[in-house]
Amino acid sequence: MKNKIRDEIEEIIKEENIDRNSLHEVSKFSYEKILRKFYYTFFEYDKNIRNTQKIDLSYAWLNFRKGLKMSEVFRVCYDDNDIDVIKNLVPDYSDEKICFVIVAEGWVYEGELSEILKVFPSEIGIMTDYYIISKKFDWVVVNCEDGECVYRLNNKNRGISC
């Protein structure tokens, strides 16, 4: 399943003729650093085994840190309306804003929001949880596939209101 998700994302990028400078999979050398920063910023974890803990993002949305500021929760219908909902959840939205996208299977992409929203949320046939994260790790837009919802969480230490 993990590789199927990646293959489908890559196929959509090709079909949509998305410039690889505007949306691309991050370097394998950066994966671990980005995943760990995301995980340790937003999720509860065992501090005693932090450096050796395997990061598993399946159902990770069940383990968000207490105290994060949460926006209103919106139901997703997996259609074009979801794109507008996500745009409204992103603080200071602009098409050129660069963000990370992490899918629950661990694939990490970086790119412009306008290009990200061509691939996520409604184009992927194999549904999965995914997270759109600011480059400063001060907010994350969460797509919870099981809950059919989308919402934003803010890192309380960064001062963004919901």
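Notes on the structure in this doc start here. (Residues numbered from 1 in each chain as written. Predicted model: local features only at pLDDT ≥ 70, side-chain atom pairs only at ≥ 80, totals over all residues. Heavy atoms only, no water.)

1. Topic: the pairing of strand 4 (residues 98-103)
Then comes step 1: The buried fraction of strand 4 amounts to five of the six residues, a majority that puts the element mostly inside the structure.
Then comes step 2: By the bridge criterion, five bridges tie strand 4 to strand 5 (residues 108-112) in an arrangement that is antiparallel. Paired with Ile102 across the strands is Val108, a residue of strand 5.
Then comes step 3: Between the antiparallel neighbours strand 4 and strand 5 lie four residues, among them Gly106 with a positive phi of about 100°. (Buried < 20%, exposed > 50% of the residue type's maximum accessible area, 1.4 Å probe, protein only. Helix = DSSP H or I, 4+ residues; strand = E, 2+ residues; numbered from the N terminus. Pairing = 2+ DSSP bridges.)

2. Some words on the state of the cysteines
Then comes step 1: Evaluation of the coordinates by the stated rule reveals zero disulfides.
Then comes step 2: Here Cys144 stays free of any disulfide, with the sulfur of Cys149 as its closest cysteine sulfur at 4.5 Å.
Then comes step 3: According to the relative accessible area criterion, Cys149 is buried, its value standing at 12%. (Disulfide = S-S within 2.5 Å.)

3. Points about helix 3 (residues 81-89)
Then comes step 1: Here helix 3 has its buried residues at Asp82, Ile83, Val85, Ile86 and Leu89. End-on view of helix 3: buried residues confined to an arc of 160°, all on one side of the axis. Structural note: helix 3 exposes Asn81 and Asn88 on the side pointing more than 90 degrees away from its buried face.
Then comes step 2: Looking at the packing, one finds that the buried side of helix 3 touches strand 3 (74-75), helix 4 (113-119), strand 6 (130-134), strand 7 (139-144) and strand 8 (149-154). (Arc of directions from axis to C-beta. Contact = heavy atoms within 4.5 Å.)

4. Digging into the layout of surface pockets
Then comes step 1: Estimates place the volume of the largest pocket at around 370 Å³.
Then comes step 2: Lining the largest pocket we find 19 residues, and of these Asp56, Leu57, Ser58, Ala104 and Glu105 sit closest to its centre.
Then comes step 3: If you tally residues by element for the lining of the largest pocket, the top one is helix 2 (residues 28-42), at four residues.
Then comes step 4: When grouped by side-chain class, the residues that make up the lining of the largest pocket number six nonpolar, four polar and nine charged. (1 Å grid on protein atoms, 1.4 Å probe; cavity = no way out; pocket = protein on both sides within 12 Å on 5 of 7 lines; lining within 4 Å. Points joined across faces, edges and corners; volume = space filled by probe spheres on them. Nonpolar A, V, L, I, M, F, W, Y, C, P; charged D, E, K, R; others polar.)

5. Re the nonpolar core
Then comes step 1: By size, the foremost hydrophobic cluster in this structure holds 55 residues, and its most contacted members are Phe38, Phe42, Leu57, Phe64, Tyr131, Ile132 and Ile133.
Then comes step 2: With seven residues, helix 2 is the largest single contributor of residues to this core.
Then comes step 3: Ignoring anything within four residues of it in the chain, the contact list for Leu57 reads Leu35, Phe38, Tyr39, Phe43, Ile102, Val103, Ala104 and Tyr131. (Core = buried A, V, L, I, M, F, W, Y, C linked by side-chain atoms within 4.5 Å.)

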